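Here is what each chain is made of, one letter per residue.
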Amino acid sequence: MFQDISVEELLKLQSSKQFSLIDVRSPSEFKDSTIPGSYNIPVFNDEERAEIGTLYKQVSVDAAKERGLELMSAKLPAFVKEFKEIEGNKAVFCWRGGMRSRTAATVLSLMDVHVYRIQGGIKAYRKLVLDTLSQNKLDAEAVVLHGFTGTGKTAVLQQLQKEGYPVLDLEGLSGHRGSIFGHIGLKSRNQKMFDALLYERLKEIGRTPYVLFEAESKRIGKIVLPDFLMEKKESGVVVVMDMPLEERVTQIMKDYQPAEYKAEYIQAFNRIKGRIHTPIAAEISRCLAEDRFSEAIRLLLEHYYDPKYDHSSRQYDDNKQLVLHIESIEEGVQAVKELLKRRF
């Protein structure tokens with residue numbers, strides 16, 4: 001028989017055993033949010049789930065159960081085979097630890113496939129995540145990267161994270177670059193998935209004297225940053241990345257790939273063009289239409305993003321800012337490493 005396990009017990013066991021987590025909800029539910037790193041082996045696909053839900057509401061509970069059993073029976077061999085292909089310890093879950101995970105665990109145990117079932121499902125995991133984040137004080141000192149748009153702050157952080165530094169890549173976790181163009185070419189995440197990924201990343205980092213992240217606004221795309229991060233941003237070490245304009249344009253071209261998403265960038269620009277002096281906005285529109293993307297980016301930096309940054313940066317004391325003058329991402333990575341070595 002399968003064994004029930006709480007989210008807290010699972011996390012304790014994970015420190016000594018490797019678990020594969022299997023989300024048995026429908027593909028659309030899984031896509032919306034799940035426990036990071038989980039597999040999706042659905043008991044019912046989206047259409048089947050909708051059909052059973054309709055029977056449950058409009059006919060009876062028994063009718064829904066009977067149809068569910070009929071659908072499950074037809075796919076049982078393939079369902080069991082997928083689970084057998086996953087080695088090691090396995091834990092299944094659904095939304096509230098209800099019928100779908102119980103059915104999956106029961107069927108698998110009858111076929112000698114041992115699994116744990118997570119009590120409370122993803123709802124219990126979500127509660128744990130929110131409780132943990134709301135109580136987090138982040139004892140580590142924050143080293144916060146500031147600078148004009150295009151100075152490669154995210155690229156520097158991502159390289160440092162690859163090398164094992166305690167980095168919170170907030171734009172990476174949210175699937176958004178934080179600007180009006182930030183969602184283009186990326187898969188933006190919702191609040192539930194961002195919170196889960198942030199929780200898991202904080203666990204991975206553990207206790208550390210400092211943590212690195214970029215100076216973001218409270219909102220990045222669809223998500224809102226937790227208060228403890230905003231507080232750390234305000235009290236953290238201010239590190240300003242300074243890069244020449246032409247190198248910034250080159251970096252933005254590399255990051256945003258405007259030729260691949262021309263229509264999306266024009267659409268996004270139309271949402272902010274009214275905030276830019278009319279002749280300049282008209283020239284940017286022409287540049288985008290004529291594939292002169294570098295020129296459009298340069299104008300946007302000079303007449304929109306740089307003035308915005310100048311305004312927001314006035315809240316920080318110039319005498320307490322550590323300015324790193326760089327001309328490439330590689331120089332930025334090395335400069336941050338040297339700064340950390342001196343300070344910590």
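Details of the structure are given in the entry above.
Residues numbered from 1 in each chain as written. Predicted model: local features only at pLDDT ≥ 70, side-chain atom pairs only at ≥ 80, totals over all residues. Heavy atoms only, no water.

Colleague: Can you help me understand the sheet that holds strand 12 (residues 322-325) in this one?
Modeller: Backbone-to-backbone hydrogen bonds pair the strands of a sheet. The strands run either parallel or antiparallel. Strand order in the open sheet formed by 5 strands is 7-8-6-11-12, with parallel pairing between adjacent strands. The strands lining the two open edges of the sheet, one partner per strand, are strand 7 (167-168) and strand 12. Summarising the sheet, strand 11 (residues 237-242) and strand 12 pair through 4 bridges and their orientation is parallel. In the strand pairing of strand 12, Val-240 is matched with Val-323. (Pairing = 2+ DSSP bridges. Helix = DSSP H or I, 4+ residues; strand = E, 2+ residues; numbered from the N terminus.)

Colleague: Help me out: how do you make sense of helix 15 (residues 329-343) in this one?
Modeller: Since the α-helix packs 3.6 residues into each turn, any two residues three or four apart lie on the same face. Taking 1.5 Å of rise per residue, 15 residues should cover 21 Å, and helix 15 covers 21 Å from first to last C-alpha, within 8% of that figure. Looking only at helix 15, the buried set comprises Ile-329, Gly-332, Val-333, Ala-335, Val-336, Lys-337, Leu-339 and Leu-340. Packed against the buried residues of helix 15 are strand 6 (141-147), helix 7 (153-162), strand 8 (210-214), strand 11, helix 11 (245-256) and strand 12. (Expected span 1.5 Å × (residues − 1). Buried < 20%, exposed > 50% of the residue type's maximum accessible area, 1.4 Å probe, protein only. Contact = heavy atoms within 4.5 Å.)

Colleague: Would you explain unusual backbone geometry in this entry?
Modeller: Both trends apply: most residues other than glycine have a negative phi, and most peptide bonds are in trans. With a phi close to 60°, Asp-112 is a non-glycine residue in the positive phi region. For Asp-112, a relative accessible area of 75% puts it in the exposed group. One non-glycine residue, Asp-291, lies in positive phi territory at about 65°. Of the residues examined, Asp-291 reaches a relative accessible area of 45% and is grouped as partly exposed.

Colleague: Sorry, what's going on with helix 10 (residues 227-235) here?
Modeller: Restricting attention to buried positions, one finds in helix 10 the residues Phe-228, Leu-229, Met-230, Lys-232 and Lys-233. Of the surrounding elements, those touching the buried residues of helix 10 are helix 6 (121-135), strand 6, strand 7, helix 8 (170-174), helix 9 (191-205) and strand 8.

Colleague: Before we go on, may I ask you to explain the layout of surface pockets in this structure?
Modeller: Regions of empty space are outlined by a rolling probe, equal in size to a water molecule, passed over the atoms. Within this model, the largest pocket holds a volume of roughly 1,200 Å³. Around the largest pocket sit 46 residues that line it, and Glu-171, Arg-177, Gly-178, Glu-214 and Glu-216 are the ones nearest its centre. Of all the secondary-structure elements, those providing two or more residues to the lining of the largest pocket are strand 6, helix 7, helix 8, helix 11 and helix 14 (293-313). Element by element, the count of residues in the lining of the largest pocket is highest for helix 14, at 6 residues. Residues of the lining of the largest pocket, tallied by class, amount to 15 nonpolar, 19 polar and 12 charged. In this structure, the second largest pocket occupies an estimated 950 Å³ of space. (1 Å grid on protein atoms, 1.4 Å probe; cavity = no way out; pocket = protein on both sides within 12 Å on 5 of 7 lines; lining within 4 Å. Points joined across faces, edges and corners; volume = space filled by probe spheres on them. Nonpolar A, V, L, I, M, F, W, Y, C, P; charged D, E, K, R; others polar.)

Colleague: Explanation requested: the packing of helix 12 (residues 262-272) against helix 13 (residues 278-289) in the structure shown.
Modeller: For any two helices packed against each other, one specifies the inter-axial angle together with the distance between the axes. Helix 13 packs onto helix 12 with a crossing angle of 170° between their chain directions and a minimal axis gap of 10 Å. Of the possible angle classes, the one that applies to helix 12 and helix 13 is roughly antiparallel. Seen from helix 12, the contacting residues are Lys-262, Ile-266 and Phe-269; seen from helix 13, they are Ala-281, Ile-284, Ser-285, Leu-288 and Ala-289. Its residues assigned to classes, the contact of helix 12 with helix 13 comprises 6 nonpolar, 1 polar and 1 charged. (Axes fitted to C-alpha atoms, helices over the stretch in contact; angles between N-to-C directions. Parallel < 35°, antiparallel > 145°, perpendicular 65-115°, else oblique.)

Colleague: Would you explain the nonpolar core in this entry?
Modeller: One broad rule of soluble globular proteins: the nonpolar side chains tend to lie buried together. Ranked by internal contacts, the top residues of the largest apolar core, which has 38 residues, are Leu-21, Ile-118, Leu-168, Leu-170, Leu-198, Phe-213 and Leu-229. No other element matches the 8 residues that helix 9 contributes to this core. Contact partners of Leu-229, with chain neighbours within four places excluded, come to Leu-138, Leu-168, Leu-170, Leu-198 and Phe-213. Judged by nonpolar contacts, the second largest core, of 24 residues, contains Ile-180, Ile-272, Ala-296 and Tyr-305. (Core = buried A, V, L, I, M, F, W, Y, C linked by side-chain atoms within 4.5 Å.)

Colleague: Can you help me understand the sheet that holds strand 4 (residues 89-93) in this one?
Modeller: With parallel pairing, 5 strands are arranged side by side in an open sheet as 1-5-4-2-3. Every other strand in the sheet has two partners, leaving strand 1 (3-5) and strand 3 (39-40) as the edge strands with one partner each. Two elements, strand 4 and strand 5 (residues 116-118), share 2 bridges in a ladder whose sense is parallel. When the bridges of strand 5 are listed, Val-92 appears paired with Arg-117.

Colleague: Please clarify how the packing of helix 3 (residues 46-58) against helix 4 (residues 61-84) should be interpreted in this entry.
Modeller: One way to put it is that helix 3 packs onto helix 4 with a least axis distance of 7 Å and a crossing angle of 160°. One way to sum up the angle between helix 3 and helix 4 is to call them roughly antiparallel. Remark: the crossing between helix 3 and helix 4 carries right-handed chirality. Counted together, Glu-48, Glu-51, Ile-52, Leu-55 and Tyr-56 of helix 3 and Val-61, Ala-63, Ala-64, Arg-67, Gly-68, Leu-71 and Lys-75 of helix 4 form the full contact between these two elements. (Left-handed = near helix turned anticlockwise from the far one by under 90°.)

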